[in-house]
Amino acid sequence: PGQAETPLPGTMLPANLTPDSAQTCLGLPTSAAGLFFLLNALQKLDLPHALESGLAWVHPDFPPRILERLAEHAGIDEQDPILVWVRSLLLNPADSDISVRLASWWPPNLRPSGKPASLDHLLRAWAVATRRWCWRAGQISVRDIVTRTGLFSVNRTDLDVALPLDTADVRIRRIGLDLDPGWLPWFGRVVRFHYPGRRELYG
């Protein structure tokens, strides 16, 4: 207790943030501090159900692949620590030729494909579904959600993102994207968001 876990191999990231700490937050600067807000959008689209229906068995790295695609859509720099870490979670080849026809793996706000879907097709569908949900629910684009400055920190069990309090966005707050997801078994982390003042955040 109280001792930080060793970061996962390849992440090059420091220990997780200390919740409610009065000290300057630890972590690496990122321009994609809002990426993990989209975990709440994926929850609302019931991605956990699709994963439990067998998608996680066929494509165990499906959640980080969606996040990678959404980060790329938002124009996040290749060297941003969040994108580097997300890519460290990828297990399967990107050109996997496994195809599926299961409607239960399809996002609920899109019509299922009548043809077998490749991994790339399924990822594209979930990325489009996420972007569509964010716009329809909050009149906000994925790019506007993701591209936010802050600090990012992760260890074996916890993922923390700290954003300056003065950057809180009512559009994000209104649709509940900045609520702490807590433990997400399908993502393998406890996820928390912090909103310290700029002095506490950057020192």
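Because the structure is a prediction, the values reported are computed rather than measured.

1. Observations regarding the side chain of Thr 130
Okay, step 1: Along the polypeptide, Thr 130 turns up in helix α5 (residues 119-138).
Okay, step 2: If we skip the residues at most four places from it in the chain, Thr 130 touches Leu 38, Ala 41, Leu 42, Leu 45, Leu 70 and Val 142.

2. Side note on the environment of Ser 113
Okay, step 1: For Ser 113, the position within the fold is in the loop between α4 (81-88) and α5.
Okay, step 2: The spatial distance from the C-alpha of Ser 113 to the C-alpha of Ala 125 is 9.4 Å, given a sequence separation of 12 residues.
Okay, step 3: With residues near it in sequence (within four places) discarded, Ser 113 still touches Trp 106 and His 121.

3. Structural notes on the side chain of Arg 189
Okay, step 1: Along the chain, Arg 189 turns up in strand β5 (residues 189-194).
Okay, step 2: The side chain of Arg 189 is buried and forms no salt bridge, while Asp 158, the nearest opposite charge, is found at 7.5 Å.
Okay, step 3: In terms of polar contacts, Arg 189 uses its side chain to reach the backbone carbonyl oxygen of Asn 155, at 2.9 Å.

4. Comments concerning unusual backbone geometry
Okay, step 1: A positive phi is found at Asp 46, a non-glycine position, where the angle reads about 65 degrees.
Okay, step 2: Here Asp 46 falls in the partly exposed class, since its relative accessible area comes to 40%.
Okay, step 3: Backbone geometry places Gln 139, a non-glycine residue, at a positive phi of 50 degrees.
Okay, step 4: One can find Gln 139 in the loop between α5 and α6 (142-146).

5. With respect to the pattern of salt bridges
Okay, step 1: Counting across every chain of the model gives 12 salt bridges.
Okay, step 2: One salt bridge in this structure joins Arg 87 and Glu 68, with 3.0 Å as the shortest N-O distance. You can see Arg 87 sitting in helix α4 and its partner Glu 68 sitting in helix α3 (residues 62-73), a full 19 residues away along the chain.
Okay, step 3: Accessibility expressed as a relative area gives 25% for Arg 87, which makes it partly exposed.
Okay, step 4: For Glu 68, a relative accessible area of 13% puts it in the buried group.
Okay, step 5: One salt bridge in this structure joins Glu 78 and Arg 87, with 2.5 Å as the shortest N-O distance.

6. Quick notes on the packing of α3 against α4
Okay, step 1: One way to put it is that α3 packs onto α4 with a least axis distance of 9 Å and a crossing angle of 150 degrees. Judged by the inter-axis angle, α3 sits roughly antiparallel to α4. The way α3 lies across α4 gives a crossing that is left-handed. Listed contacts from α4 to Pro 64, Leu 67, Glu 68, Ala 71 and Glu 72 of α3 are Leu 83, Val 86 and Arg 87.

7. Some points on the sheet that holds strand β3 (residues 158-162)
Okay, step 1: Within the open sheet, the five strands sit side by side as β1-β2-β3-β5-β4. Their pairing is mixed. The strands lining the two open edges of the sheet, one partner per strand, are β1 (28-30) and β4 (182-184). In this sheet, neighbouring strand axes are inclined to one another by 30 degrees on average, regardless of whether the strands run parallel or antiparallel.
Okay, step 2: Relative to strand β2 (residues 150-154), β1 is paired through three bridges, and the arrangement is antiparallel. Bridge assignment links Leu 28 to a residue of β2, and that residue is Phe 152.

8. Some details on α3
Okay, step 1: Compared with the 16 Å implied by 1.5 Å per residue over 12 residues, the 17 Å span of α3 between its first and last C-alpha is a close match.
Okay, step 2: Most of α3 sits inside the fold, with nine of its 12 residues counted as buried.
Okay, step 3: By the burial criterion, the buried members of α3 are Phe 62, Pro 63, Pro 64, Arg 65, Ile 66, Leu 67, Glu 68, Leu 70 and Ala 71.
Okay, step 4: At its buried positions, α3 is contacted by α1 (38-44), α2 (47-58), α4, α5 and α6.
Okay, step 5: Positive backbone phi, approximately 80 degrees, marks Gly 75, located one or two places after α3.

Criteria and cut-off values
- Residues numbered from 1 in each chain as written.
- Predicted model: local features only at pLDDT ≥ 70, side-chain atom pairs only at ≥ 80, totals over all residues.
- Heavy atoms only, no water.
- Helix = DSSP H or I, 4+ residues; strand = E, 2+ residues; numbered from the N terminus.
- Contact = heavy atoms within 4.5 Å.
- Buried < 20%, exposed > 50% of the residue type's maximum accessible area, 1.4 Å probe, protein only.
- Lys, Arg positive; Asp, Glu negative; His and termini not counted.
- Salt bridge = Lys/Arg side-chain N within 4 Å of Asp/Glu carboxyl O.
- Polar contact = N/O pair within 3.5 Å; in protein donor to acceptor, adjacent residues only side chain to side chain.
- Axes fitted to C-alpha atoms, helices over the stretch in contact; angles between N-to-C directions.
- Parallel < 35°, antiparallel > 145°, perpendicular 65-115°, else oblique.
- Left-handed = near helix turned anticlockwise from the far one by under 90°.
- Pairing = 2+ DSSP bridges.
- Expected span 1.5 Å × (residues − 1).

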